[in-house]
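Next come the chains, spelled out residue by residue.
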Amino acid sequence: MDVDVALLQETCTPPPDVLDTIELGPYKPWLGESYTATALRPPRVVKLSNRVEVEWYEQVEPHRGTLGPRQMPASGIGLWDAATVTAVDGGEPFNVVSMYAAWQRSHTNVGSRSLYPDASAHRIISDMTVLVPSYSGDGPEHRIVAAGDLNVCFGDSSTFTCRAQTIIDRMAVNGGGIVDHCGGRKVYHLA
């Protein structure tokens, strides 16, 4: 396909016949203490060509301390993978985020067995905020391509759609807009 970088969701271990043609980030998703890697199929940023350099961000436990230059706090379990992409022949670097808004079940105390993805999507947006330089708009320009499966739908007046709209609204506050919509998946460009 002549693609430089792929933003993938619900990934599995790459088959052996493609391992020599791709590059995955060196970091595992932050899992917390009670999760096992076998239960997780995380989103991934995958380098597919030698036309770009890719530097992945390490997911670290959320804290108030100073982050290292390649660290981002992860408030959710395996919800995103992020990296900085730079074309080898020049050009401005930009950040990419592969997102997967995992379904969560309502707490047993509320008397419902509902599933919802919007809490996961909001965690992703909160984590990505560290890549947005300023609240006031007077900081340096930021370039982020965020793509993935947010597991939300639009087009009716249901509570589910109204809750999904809050995701779009928060992306817009960070400077984003929908670039593409395909089969229930939304692609955002935060510029």
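Residues numbered from 1 in each chain as written. Predicted model: local features only at pLDDT ≥ 70, side-chain atom pairs only at ≥ 80, totals over all residues. Heavy atoms only, no water.

### Quick word on the overall build of the protein
The number of helices and strands found in the protein is 2 helices and 13 strands. Here the protein, with 191 residues, has 37% of them falling under the buried criterion. Look at the contacts in the protein between residues 6 or more apart in sequence, and 60% of them connect residues 24 or more apart. (Helix = DSSP H or I, 4+ residues; strand = E, 2+ residues; numbered from the N terminus. Buried < 20%, exposed > 50% of the residue type's maximum accessible area, 1.4 Å probe, protein only. Contact = heavy atoms within 4.5 Å.)

### Description of the sheet that holds strand S3 (residues 44-47)
Taken together, 3 strands build an open sheet; the order of strands is S1-S3-S2 and the sheet is antiparallel. At either end of the open sheet lies a strand with only one pairing partner, and these are strand S1 (5-8) and strand S2 (23-24). Where S2 lies against S3, 2 bridges are found, and the strand directions are antiparallel. Each bridged residue has a counterpart across the sheet, and for Glu23 the counterpart in S3 is Lys47. (Pairing = 2+ DSSP bridges.)

### A closer look at the packing of aromatic side chains
Considering all chains together, one arrives at 0 aromatic pairs under this definition. Here the guanidinium or amino end of Arg163 rests over the ring plane of Tyr116, the centre of that ring lying 5.3 Å away. (Phe/Tyr/Trp six-rings, centres within 6.5 Å; stacked < 30°, edge-to-face > 60°. Lys NZ or Arg CZ within 6 Å of the ring centre and 35° of its normal.)

### Here we look at the pattern of salt bridges
Taken as a whole and assessed by the stated rule, the structure comprises 5 salt bridges. The salt bridge involving Asp81 is made with Arg44; its shortest N-O contact spans 3.8 Å. Here Asp81, found in strand S7 (residues 80-87), pairs with Arg44, found in strand S3; they are 37 residues apart in sequence, far enough to count as distant. In this structure Arg44 comes out as buried when scored by relative accessible area, which is 18%. Across the salt bridge formed by Asp118 and Arg163, the nearest N and O atoms sit 2.9 Å from each other. In this pair, Asp118 sits in helix H1 (residues 118-128) while Arg163 sits in helix H2 (residues 159-173), placing the two residues 45 residues apart along the sequence. Note on Asp118: relative accessible area 10%, which makes it buried. Several salt bridges converge on common partners, so that one network encompasses Asp2, Asp4 and Arg51. (Salt bridge = Lys/Arg side-chain N within 4 Å of Asp/Glu carboxyl O.)

### Some details on the confidence of the model for the protein
Averaged over all residues, the pLDDT of the protein equals 80, while 77% of them reach at least 70. Mean pLDDT across the secondary structure elements of the protein bottoms out at strand S13 (residues 185-190), with 45, and peaks at strand S4 (residues 52-56), with 97. With pLDDT under 50 throughout, residues 179-191 is counted as low confidence; its partners more than four residues away or in other chains account for 42 contacts. (pLDDT = per-residue confidence, 0-100.)

### Thoughts on H1
With 8 of 11 residues buried, H1 is to be regarded as a mostly interior element. For H1, the set of buried residues is Asp118, Ser120, Ala121, His122, Ile124, Ile125, Asp127 and Met128.

### Concerning the nonpolar core
By size, the foremost hydrophobic cluster in this structure holds 22 residues, and its most contacted members are Trp80, Val97, Met99, Met128 and Leu150. For this core, the secondary-structure elements that each account for two or more residues are S7, strand S8 (94-100), H1, strand S11 (144-149) and H2. With 4 residues, the top contributor of residues to this core is H1. Among the nonpolar cores identified, the runner-up in size contains 9 residues, and Val52, Ala83, Val96 and Ala147 belong to it. (Core = buried A, V, L, I, M, F, W, Y, C linked by side-chain atoms within 4.5 Å.)

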